[in-house]
Amino acid sequence: MKLADFHELTQEISLECFFMTDSQKEEKIIQLIDLHHFVECFDPEITILSYLHHPINTIEQNGEKKGILFCDLNHSPVPDSNAAEDFRRRHHLSEIWFVFVEETPASNKASYTDAIIENSLDIFYDRIFSFNFFQSIIHSLK
């Protein structure tokens, strides 16, 4: 992402999300960065439709609306999957993807497997990925 584009998007967050605390705005900026980098690595043809008002990002891929939810297990617990299903219905999404974001070179695939099983992620999400942000590597887990 170009610096000018990033600046414009962070300004949008500041204006649109004025009701958020600084910590919440920071989380939203991280979500934005994860989303843009994931799209660049996975499929640059994806169009980002919405990311501001919900943790699930709405995209369009090949004419279909889909949702992407990012989770860094080192910084937050796995979000409620029932809320994701409700979001899918309300926004008429064909799929919802779950993406584990990792920041370290060595990933712990066992922790992803445990999180998938413990939270029944494979039931609620159509695709599950691990995304090594700094190495720009995406692995499909489902």
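One can find the structure itself at the top, above this paragraph.
First things first, this report covers the structure right here in the doc. All values reported here derive from a predicted model rather than from experimental measurement.

### Some points on helix H3 (residues 81-90)
Step number 1: Among all positions in H3, only Ser81, Ala84, Phe87 and Arg88 are buried. One side of H3 holds all its buried residues, which, seen down the axis, span an arc of 110 degrees. Exposed residues pointing more than 90 degrees away from the buried face of H3 are listed as Asn82 and Arg89.
Step number 2: Those residues of H3 that are buried are in contact with strand E2 (57-61), strand E4 (95-102) and helix H5 (121-124).
Step number 3: By the N-cap criterion, in which a side-chain oxygen at the helix start approaches the backbone nitrogen of a residue two or three places on, H3 is capped by aspartate 80, the distance to asparagine 82 being 3.2 Å.
Step number 4: A positive phi of about 55 degrees marks histidine 92, the residue just after H3.

### Considering the pairing of E2
Step number 1: Counting buried residues in E2 gives 4 out of 5 residues, a clear majority hidden from the surface.
Step number 2: Two strands pair when backbone bridges link them, and strand E1 (residues 47-50) and E2 are joined in this way by 3 bridges, in the antiparallel orientation. Note on E2: the bridge partner recorded for threonine 47 is glutamate 60.
Step number 3: Between E1 and E2, which pair antiparallel and follow one another directly, the connecting turn spans 6 residues.

### Observations concerning the pattern of salt bridges
Step number 1: Under the definition given, this model contains 5 salt bridges.
Step number 2: A salt bridge links glutamate 95 to lysine 66; the shortest N-O distance between them is 3.8 Å. Taken together, the positions of glutamate 95 in strand E4 and lysine 66 in strand E3 (residues 64-71) put the pair 29 residues apart, joining distant regions of the chain.
Step number 3: A residue is classified by how much of its surface remains accessible, and lysine 66, at 7% relative accessible area, is buried.

Calculation notes
- Residue positions are given per chain, counted from 1 along the sequence in the order it is written.
- With pLDDT at 70 or above as the cut-off, local features in this predicted model cover only qualifying residues; side-chain atom pairs require 80 or more to be listed or tallied, and sums for whole chains, interfaces and linings still use all residues.
- Side-chain metrics rest on all non-hydrogen atoms present in the structure, leaving aside hydrogens and water.
- Each residue is placed in one exposure class: buried if its accessible area under a 1.4 Å probe, protein chains only, is under 20% of its type's maximum, exposed if it is over 50%, and partly exposed if it falls in between.
- The helix and strand labels rest on DSSP assignments: H or I over at least four residues marks a helix, E over at least two residues marks a strand, and numbering proceeds from the N terminus.
- Each C-beta atom gives one direction from the helix axis, and the arc is the one those directions make.
- When checking whether two residues touch, look at their non-hydrogen atoms; a contact exists if any pair is within 4.5 Å.
- N or O atoms closer than or at 3.5 Å make up a polar contact, with two conditions inside protein: a donor-capable atom paired with an acceptor-capable one, and, for residues adjacent in sequence, both atoms drawn from side chains.
- At least two bridges found by DSSP between two strands is the condition for calling them paired.
- Whenever a carboxyl oxygen of Asp or Glu lies within 4 Å of a side-chain nitrogen of Lys or Arg, that contact is scored as a salt bridge.

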